Amino acid sequence: MIHVETYRLLLEECSAHGARLIAVSKDKSVQDIRALYDLGQRKFGENRVQELVAKAGELPADIEWYMIGHLQTNKVKLIVPLVTMIQSVDSYRLLVEVNKRALHHGRVIDCLLQMHIAKEETKFGFDKDELEVMLQNEAWRSLTAVRIRGLMGIATMTDDVEQVRGEFRTLRELQKALMASHFAGDPGFSELSMGMSSDYRLALQEGSTMIRVGSLVFGSR
Ligand SMILES: *Cc1c(COP(=O)(O)O)cnc(C)c1O
């Protein structure tokens, strides 16, 4: 079941902030995705490789698939032909693998670097120092089949609004700093993927360009 009214309101809020909506369809049926597709939605997010591959095979080819979950290098080859963007790049090794497979398919894959911004230990992502080490070493610039488009982050699961706001702000400030340093002169480095069902409003206020919303649109899992 999809929540049509909520979906339309989300679209309006996104549009008011110049942001886009990624409908997170993990654990959702092909029928539900199809229903949202019929309302015009084309950007869908999945967090598991097998599920993304299976769904892509059953659904219209003009769907744009966003990989948003932790990705193992040995599975990269399965999604490279299918995805519009990989938002969960959390190591240089993974970036190298995406580049290799993208070259093989004659594609250039848009990627976001996932940053660890939450207090929880379990979340994946670079921390600031790891990112700086990777970027300082200019080897990433020779990976011509990946395009680093910006940053992605998942805030702490908490009711503490100021905590979440602070994490989003940290991510935006980092993005701004990178725009002026390692990515100076690259207008393509412009994306900030942050905000989920519980915190998308805060994320939009803090400058998100893409919110990733699942349960609000599809109902809770
Ligand atoms: C599941 C998921 C979402 C969406 O979560 P909801 O709370 O259902 O909106 C967003 N981002 C990532 C990385 C996810 O895994």
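What you see is a predicted model, and the numbers here were worked out from it, not measured in a lab. (Residues numbered from 1 in each chain as written. Predicted model: local features only at pLDDT ≥ 70, side-chain atom pairs only at ≥ 80, totals over all residues. Heavy atoms only, no water.)

## Observations regarding the environment of Gly 166
Inspection of the secondary structure assignment puts Gly 166 in helix 7 (residues 161-180). Counting along the chain gives 26 residues from Gly 166 to Trp 140, while the straight-line C-alpha distance between them is 29 Å. (Helix = DSSP H or I, 4+ residues; strand = E, 2+ residues; numbered from the N terminus.)

## Here we look at unusual backbone geometry
Positioned with a positive phi, Asp 27 is a non-glycine residue whose angle comes to about 65°. When you line up the elements, Asp 27 lands in the loop between strand 1 (20-24) and helix 2 (30-38). Asp 27 gets classed as partly exposed once you look at its relative accessible area, which sits at 46%. (Buried < 20%, exposed > 50% of the residue type's maximum accessible area, 1.4 Å probe, protein only.)

## With respect to a nonpolar patch on the surface
On the surface, a nonpolar cluster with roughly 200 Å² of combined accessible area is contributed by Val 53, Leu 78 and Leu 82. By secondary structure assignment, the location of Leu 82 is in the loop between helix 4 (76-79) and strand 4 (83-89). Taking the relative accessible area as the measure of exposure, Leu 82 reaches 32% and is therefore partly exposed. (Patch = residues over 30% accessible without salt bridge, like charges linked within 9 Å, V, L, I, M, F, W, Y side chains within 5 Å. Areas by Shrake-Rupley, 256 points an atom, 1.4 Å probe, with all protein chains shown as cover. Salt bridge = Lys/Arg side-chain N within 4 Å of Asp/Glu carboxyl O.)

## What about the site of the ligand?
As a structural note, the neighbourhood of the ligand is formed by 11 residues, with Lys 26, Ser 197, Arg 212, Gly 214 and Ser 215 the closest of them. Ser 197 is positioned such that a nitrogen or oxygen atom in its side chain is 2.5 Å from an oxygen atom of the ligand. Here an oxygen atom of the ligand sits 2.8 Å away from a polar atom, N or O, in the main chain of Ser 215. Burial of the ligand by the protein amounts to 89% of the accessible area it has alone, namely 380 Å². Broken down by class, the residue content of the shell around the ligand amounts to five nonpolar, three polar and three charged. (Near = heavy atom within 4 Å. Polar contact = N/O pair within 3.5 Å; in protein donor to acceptor, adjacent residues only side chain to side chain. Nonpolar A, V, L, I, M, F, W, Y, C, P; charged D, E, K, R; others polar.)

## A closer look at the pattern of salt bridges
It is possible for side chains of opposite charge to pair when their charged atoms get near one another. Taken as a whole, this structure holds 18 salt bridges when the rule is applied. Residue Asp 27 is joined to Arg 48 by a salt bridge in which the shortest nitrogen-to-oxygen separation is 2.6 Å. Here Asp 27, found in the loop between strand 1 and helix 2, pairs with Arg 48, found in the loop between strand 2 (43-46) and helix 3 (49-58); they are 21 residues apart in sequence, far enough to count as distant. When the shortest N-O distance is used, the salt bridge between Arg 141 and Glu 138 registers 2.5 Å. When salt bridges with common partners are traced through the structure, they connect Arg 20, Asp 110, Arg 147, Arg 149 and Glu 191 into a single cluster.

## Describing the environment of Leu 112
Here Leu 112 is to be found in strand 5 (residues 109-115). Taking C-alpha positions, Leu 112 is 27 Å from Leu 39, a pair spaced 73 residues apart along the chain. Residue contacts for Leu 112: discarding those within four places in its chain leaves Met 85, Ile 86, Gln 87, Ser 88, Val 89, Arg 149, Gly 150, Leu 151, Met 152, Glu 191, Ser 193 and Met 210. (Contact = heavy atoms within 4.5 Å.)

The quantities given are spatial measurements derived from coordinates; they are silent on function.
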